[in-house]
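Observations on the model geometry
Spelled out, the chains give:
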Amino acid sequence: MVVSRRGASARAPRTNFESASHSIIVGDCVAEMSKLQPGSVDLVFADPPYNLQLKGDLKRPDESHVDAVNDDWDKFDSFSAYDDFTRAWLLAARRAMKPSATIWVIGSYHNIFRVGAIMQDLGFWLLNDIVWRKTNPMPNFRGRRFTNAHETMIWAARDEKAKGYTFNYEALKAANEDVQARSDWLIPLCTGEERLKGADGKKVHPTQKPEGLLARVLLSSSKPGDLVIDPFNGTGTTGAVAKRLGRSYIGFERDKTYAKAAEARIAAVEPLPEESLVPFMTAREAPRVAFSELIERGMIMPGTKLFDAKKKLGALVRADGAIMFGDKVGSIHRIGAVAQGAQACNGWTFWHVETKKGLKLIDELRAEIRAGMAAE
Ligand SMILES: C[S@@+](CC[C@H](N)C(=O)[O-])C[C@H]1O[C@@H](n2cnc3c(N)ncnc32)[C@H](O)[C@@H]1O
């Protein structure tokens with residue numbers, strides 16, 4: 001889909017949706033990511049152990065048990081052991097990243113500052129920190145402090161000089177009432193139907209992330225057909241969303257039970273229709289079309305008159321692709337400006353041709369040419 005600032009549209013180049021693949025590798029992510037082809041990955045999303053340092057059983061004021069993260073995979077002997085682990089997996093991920101790839105790491109106050117500093121030390125270039133504000137956070141059960149109502153996601157490029165990384169700015173803006181997307185995201189925790197439960201009715205995993213969060217991550221920083229990896233697959237939230245959005249996926253998980261649950265989850269996902277996923281091409285990215293092409297293709301005949309929207313101003317189309325207003329000759333832009341007594345004018349969105357159905361913006365004719373180019 002090509003969408004100009006005024007909303008004219010045409011199709012973007014085709015993407016091979018059929019070839020998208022999805023797999024989970026059971027094992028240690030550092031060892032397994034090191035087997036990936038260097039520079040082969042478009043996007044990394046990582047939800048590593050947070051090293052929550054929870055000691056003992058957590059209880060509510062009424063003495064009932066809180067289902068908190070108390071698993072072995074989240075335990076480290078010291079901060080320095082956690083830092084060594086963080087360095088190792090970040091380096092393995094970085095090696096696999098394309099120069100234009102980006103990486104997201106999610107964490108809480110327990111780990112995110114350490115992770116951010118290590119990322120900078122390793123040469124990653126931080127692009128944003130996104131605050132995921134939870135609409136339904138777990139209340140604070142221990143200590144006199146604020147309820148933890150958010151988590152932080154660091155989004156970074158592979159290095160400072162990285163060029164051409166994907167950021168779907170225009171699409172995000174269009175989805176946000178035409179206002180730039182912000183760095184604070186209000187999204188509920190994963191609950192209800194989406195939450196994976198075992199036969200015993202208990203949660204399969206203590207930290208399953210909401211699909212809404214991953215959808216925003218993938219839609220903002222990847223394209224259909226891209227290879228997305230997640231070193232800490234868990235229940236496969238990243239993989240499920242990647243498949244739905246037409247991205248390829250490799251997840252790494254050392255716990256076989258989680259990996260099995262994730263495989264079944266991803267297998268059940270139906271990719272969205274291709275038409276709903278084709279990238280949103282900005283007006284700047286769209287192929288250039290000269291006004292003369294409309295004449296060459298017989299869409300506008302020399303001698304035709306172009307009009308403004310109110311049909312108060314008219315200009316004559318010449319055979320050479322220039323237009324004429326009184327004794328002034330020039331481009332559709334120049335003459336548009338002259339006719340209005342303005343400094344500048346976008347002729348594509350100013351001039352119209354007369355059709356049986358009324359006036360038609362010449363930008364619509366340009367969009368038809370672009371649509372044909374994309375389909376070729
Ligand atoms: C915070 S959870 C990820 C949850 C996941 N985002 C989801 O939505 O389900 C971290 C996961 O990483 C796994 N893990 C921890 N260390 C690992 C390692 N070295 N290699 C592979 N997996 C690891 C844990 O078993 C756990 O499932």
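I will try to describe carefully the structure that is included in this document.

Scoring rules and cut-offs
- Residues numbered from 1 in each chain as written.
- Predicted model: local features only at pLDDT ≥ 70, side-chain atom pairs only at ≥ 80, totals over all residues.
- Heavy atoms only, no water.
- Helix = DSSP H or I, 4+ residues; strand = E, 2+ residues; numbered from the N terminus.
- Buried < 20%, exposed > 50% of the residue type's maximum accessible area, 1.4 Å probe, protein only.
- Contact = heavy atoms within 4.5 Å.
- Pairing = 2+ DSSP bridges.
- Axes fitted to C-alpha atoms, helices over the stretch in contact; angles between N-to-C directions.
- Near = heavy atom within 4 Å.
- Polar contact = N/O pair within 3.5 Å; in protein donor to acceptor, adjacent residues only side chain to side chain.
- Areas by Shrake-Rupley, 256 points an atom, 1.4 Å probe, with all protein chains shown as cover.
- Patch = residues over 30% accessible without salt bridge, like charges linked within 9 Å, V, L, I, M, F, W, Y side chains within 5 Å.
- Salt bridge = Lys/Arg side-chain N within 4 Å of Asp/Glu carboxyl O.
- Parallel < 35°, antiparallel > 145°, perpendicular 65-115°, else oblique.
- Left-handed = near helix turned anticlockwise from the far one by under 90°.
- Nonpolar A, V, L, I, M, F, W, Y, C, P; charged D, E, K, R; others polar.

1. Some words on the overall build of the chain
In terms of helices and strands, the chain carries ten helices and 17 strands. Split into buried and exposed, the 376 residues of the chain put 45% on the buried side. Taking as baseline every contact in the chain between residues at least 6 positions apart, the subset at least 24 positions apart corresponds to 68%.

2. Examining the sheet that holds strand β9 (residues 227–230)
The strand order β3-β10-β9-β4-β5-β7-β6-β8 describes an open sheet built from eight strands, whose pairing is mixed. A strand with exactly one partner marks an edge of an open sheet, and here the two such strands are β3 (22–26) and β8 (184–187). Neighbour to neighbour, the strand axes of the sheet diverge by 20° on average, direction disregarded. With five bridges connecting them, β3 and strand β10 (residues 248–253) associate as parallel partners. Directly across from Ile24, in β10, lies its bridge partner Gly251. Contacts from helix α2 (residues 79–96) reach β4 (41–46) and β5 (97–107) within the one sheet, and its direction differs from that of β5 by about 150°. Those strands touched by helix α3 (residues 112–122) are β5, β6 (125–134) and β7 (150–157), and its axis lies near 160° from that of β5.

3. Quick word on the site of the ligand
Among the 22 residues in the neighbourhood of the ligand, the closest are listed as Asp47, His205, Thr235, Thr237 and Glu253. One of the side-chain nitrogen or oxygen atoms of Asp28 is found 2.8 Å away from a nitrogen atom of the ligand. Measuring from an oxygen atom of the ligand, one finds a backbone N or O atom of Lys209 at 2.9 Å. Relative to its free-state accessible area of 610 Å², the ligand is covered by the protein chains to the extent of 99%.

4. Quick look at the pairing of β4
In terms of burial, β4 is a largely internal element, six of the six residues being buried. Note that β4 and β5 share five bridges and pair parallel. Considered in β5, the bridge of Phe45 is made with Trp104. As paired strands, β4 and β9 are joined by two bridges and run parallel to one another. Counterpart to Val44 in the pairing with β9 is Ile229.

5. Side note on a nonpolar patch on the surface
On the surface, a cluster of nonpolar side chains totalling about 250 Å² of accessible area is made up of Tyr165, Phe167 and Tyr169. Tracing the sequence through the fold places Tyr169 in helix α4 (residues 169–174).

6. A look at the pattern of salt bridges
It is possible for side chains bearing opposite charge to pair when their charged atoms get close. Counting across every chain of the model gives 16 salt bridges. For Asp42, the salt bridge goes to Lys98, with nearest N and O atoms at 2.8 Å. Taken together, the residues span a long stretch of sequence, with Asp42 in strand β4 and Lys98 in strand β5 at a distance of 56 residues. Glu354 serves as the salt-bridge partner of Lys311, at 2.6 Å between the closest nitrogen and oxygen. One end of the pair, Lys311, is in the loop between β12 (305–307) and β13 (314–317); the other, Glu354, is in strand β16 (residues 352–355), with 43 residues separating them in the sequence. For Lys311, a relative accessible area of 40% translates into the label partly exposed. The network of salt bridges with shared partners includes Glu211, Arg244 and Arg265.

7. Here's the deal with the packing of helix α5 (residues 211–221) against helix α6 (residues 237–244)
Contact geometry for α5 and α6: axes closest at 9 Å, N-to-C directions at 55°. Judged by the inter-axis angle, α5 sits oblique to α6. Every pair of crossing elements has a handedness; the one defined by α5 and α6 is right-handed. Listed contacts from α6 to Glu211, Leu214, Ala215 and Leu218 of α5 are Thr237, Thr238, Ala240, Val241, Ala242 and Arg244. Among the residues making up the contact of α5 with α6, the classes are represented as six nonpolar, two polar and two charged.

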